[in-house]
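What the coordinates show
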Amino acid sequence: MGSFKTGFGRQLGRLGANVVGNKIAESLGLDQSEHRTYHRGNEKTKEHEQDLEDKRMLNSIDSAVIANIDEIRDMVFADDKKTLLNQLESLEVQLASESWKHIFDAENRVRNKYTDALYSKFCKGISRLDRVDPLAEGIVHLKWKRYTSWWRKMIGKSGLFIILYVIIFGGLAFCAIYDWYRKLSTTYIILFWIGVFIYILLRIYITYFRQINQLIKAKRQKTENA
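I will try to describe carefully the structure that is included in this document. (Residues numbered from 1 in each chain as written. Predicted model: local features only at pLDDT ≥ 70, side-chain atom pairs only at ≥ 80, totals over all residues. Heavy atoms only, no water.)

Here we come to the overall build of the chain. For the chain, the count of helices and strands is seven helices and zero strands. Reading the chain from its N terminus to its C terminus gives the helix and strand order α-α-α-α-α-α-α. For the chain, buried positions account for 22% of its 226 residues. Long-range pairs, those at least 24 residues apart, make up 68% of the contacts in the chain with a sequence separation of at least 6. (Helix = DSSP H or I, 4+ residues; strand = E, 2+ residues; numbered from the N terminus. Buried < 20%, exposed > 50% of the residue type's maximum accessible area, 1.4 Å probe, protein only. Contact = heavy atoms within 4.5 Å.)

And the structure:
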């Protein structure tokens with residue numbers, strides 16, 4: 001667990017023990033002033049030692065993560081399409097086995113570095129395959145995985161914020177849009193949905209523009225040859 005949770009648990013345990021000890025001492029009529037001063041000093045020493053241990057553990061994890069990131073960074077994509085596809089499939093498997101954690105914990109932020117690097121390398125490999133052969137077998141599947149991984153990243157890192165945003169602002173936006181939509185005439189409603197349809201088509205074209213252009217070019221060449 002993260003250092004925050006560990007420190008909170010230790011503090012809660014110490015407070016409980018102090019309350020019980022003070023009650024017993026008061027019932028026996030004992031002077032607790034010197035004991036409390038000594039106990040506080042001892043607690044601070046232990047807290048400092050534990051903080052140092054947590055920092056050492058975090059630095060150790062960070063060093064291991066950086067070493068793994070260096071391996072990903074040094075990976076060179078092949079010019080051969082078949083070899084490049086094998087590399088991307090390997091990265092896809094690695095990316096599927098990793099996950100993003102919420103960013104409120106220091107250890108999670110360190111571990112997320114590796115998953116971020118893996119996702120970035122996966123995206124660069126897809127872009128390279130897109131340039132080598134836009135119609136390569138499996139490229140549509142790889143692009144879909146890139147898209148779903150992006151959502152995994154967003155939800156994994158800040159899922160709580162996204163849920164709150166959708167509930168609060170999404171509800172307000174829906175009410176505002178619905179009220180505005182009811183006041184529109186039929187012509188404006190048709191234009192609105194045409195705009196939505198055009199936006200979806202543009203998004204598809206931007207994502208698969210190399211494949212679409214390649215298919216158009218191949219069809220044109222086939223027509224000219226005929």
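Residues separated by three or four positions in an α-helix point in the same direction, a consequence of the helix having 3.6 residues per turn. Given a rise of 1.5 Å per residue, 17 residues ought to cover 24 Å, and the 25 Å separating the end C-alpha atoms of helix H3 (residues 81–97) matches this to within 8%. Its side-chain oxygen placed 3.4 Å from the backbone nitrogen of Lys82, Asp80 serves as the N-cap of H3. (Expected span 1.5 Å × (residues − 1). Polar contact = N/O pair within 3.5 Å; in protein donor to acceptor, adjacent residues only side chain to side chain.)

Moving on to the pattern of salt bridges. Any two side chains of opposite charge can pair, on the condition that their charged atoms come close. One pass over the structure, following the stated rule, counts 10 salt bridges. Here Lys113 makes a salt bridge to Asp62, at a shortest N to O gap of 3.0 Å. Placement of the pair is Lys113 in helix H4 (residues 106–132) and Asp62 in helix H2 (residues 33–73), with a sequence separation of 51 residues. Look at Lys113 and you get partly exposed, because its relative accessible area is 38%. (Salt bridge = Lys/Arg side-chain N within 4 Å of Asp/Glu carboxyl O.)

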